[in-house]
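Secondary and tertiary structure notes
The chain contents come next:
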Amino acid sequence: MKYYTLFFLFILSLRSAIAAPPASQPSPHTTNSHLLKRLTLLLHHDEHVIKAQIRRLDRPENLIASLEHIANDPQVALFIRSRALSIATLFPKEPTMRLYTSLILASPTHPFLRRKALQAMAFAFKEKALAPAIACLDAKDFALRRTAIEIASVYPQPNVKIRLEQQLKQEPNLYLQKKLQRILLRWNHPPQRSLVTPTRVAPSPSR
């Protein structure tokens with residue numbers, strides 16, 4: 001039942017994300033154009049540089065809102081939007097969760113961004129990414145399905161196993177079929193720990 005509870009909570013979070021104001025109508029935090037410009041310029045640098053400097057720019061709630069604005073802006077380069085999603089993992093709060101949720105299930109969203117949002121959610125929110133990952137198993141994009149399978153493979157729960165077995169039957173890609181087979185084989189036949197305690201060999205006396 002754990003999977004179904006997760007999925008139910010995910011649907012509730014999705015409804016909240018849909019009910020939230022769309023990205024084209026920024027929240028009051030995103031009206032700071034100066035912060036948006038500084039943040040966009042910073043996102044052109046290496047992620048290690050960004051993470052070292054971003055917290056100094058503003059309060060977390062303003063930074064999350066600005067990252068959301070950038071991630072949803074179709075006029076911004078795709079790699080910058082993707083990097084905004086990665087940097088948002090620094091702020092594992094409810095607005096960040098809504099951002100990832102809305103992008104993962106928005107069919108007009110570029111598959112690359114959907115995948116990045118799912119990866120970022122798994123990194124920042126751990127098991128909360130399981131339900132959206134399961135939902136993405138039906139995606140048309142190969143890379144998104146691969147990411148969903150990789151996330152689901154971390155949680156060997158009975159209901160997840162059933163869903164992956166179903167996916168194996170319908171998965172059109174041979175590589176992902178083999179990946180699913182390896183995961184299910186590992187779950188069905190976990191390595192057995194040896195009950196024999198290894199004997200310590202005393203070191204030879206020095207001469």
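Look up a bit, the structure's there.
Since the structure is predicted, the reported quantities are computational estimates derived from the model, not experimental observations.

For the protein, the helix and strand inventory stands at eleven helices and zero strands. Helices and strands in the protein line up, N terminus first, as α-α-α-α-α-α-α-α-α-α-α. The buried share of the protein, taken over its 207 residues, is 41%. Within the structure as shown, the protein displays about 12,600 Å² of accessible surface, and the carbon and sulfur contribution to it stands at 57%.

A separate point is helix H7 (residues 111–125). The terminal C-alpha atoms of H7 lie 21 Å apart, and with 15 residues this matches the ideal 21 Å at 1.5 Å per residue to within 8%. All buried positions along H7 are accounted for by Leu-113, Arg-114, Arg-115, Ala-117, Leu-118, Ala-120, Met-121, Ala-124 and Phe-125. Just downstream of H7 lies Lys-126, where phi reads positive at about 55 degrees.

Take the nonpolar core next. One finds Ile-54, Leu-67, Tyr-100 and Leu-164 to be the most contacted residues of the largest nonpolar core, which totals 52 residues. Looking at this core, the element that brings in the most residues is H7, giving seven residues. Other than its neighbours up to four places away in sequence, Ile-54 contacts Leu-39, Leu-42, Leu-63, Leu-67, Ile-87, Leu-90 and Phe-91.

Rules and cut-offs
Residues numbered from 1 in each chain as written. Predicted model: local features only at pLDDT ≥ 70, side-chain atom pairs only at ≥ 80, totals over all residues. Heavy atoms only, no water. Helix = DSSP H or I, 4+ residues; strand = E, 2+ residues; numbered from the N terminus. Buried < 20%, exposed > 50% of the residue type's maximum accessible area, 1.4 Å probe, protein only. Areas by Shrake-Rupley, 256 points an atom, 1.4 Å probe, with all protein chains shown as cover. Expected span 1.5 Å × (residues − 1). Core = buried A, V, L, I, M, F, W, Y, C linked by side-chain atoms within 4.5 Å. Contact = heavy atoms within 4.5 Å.

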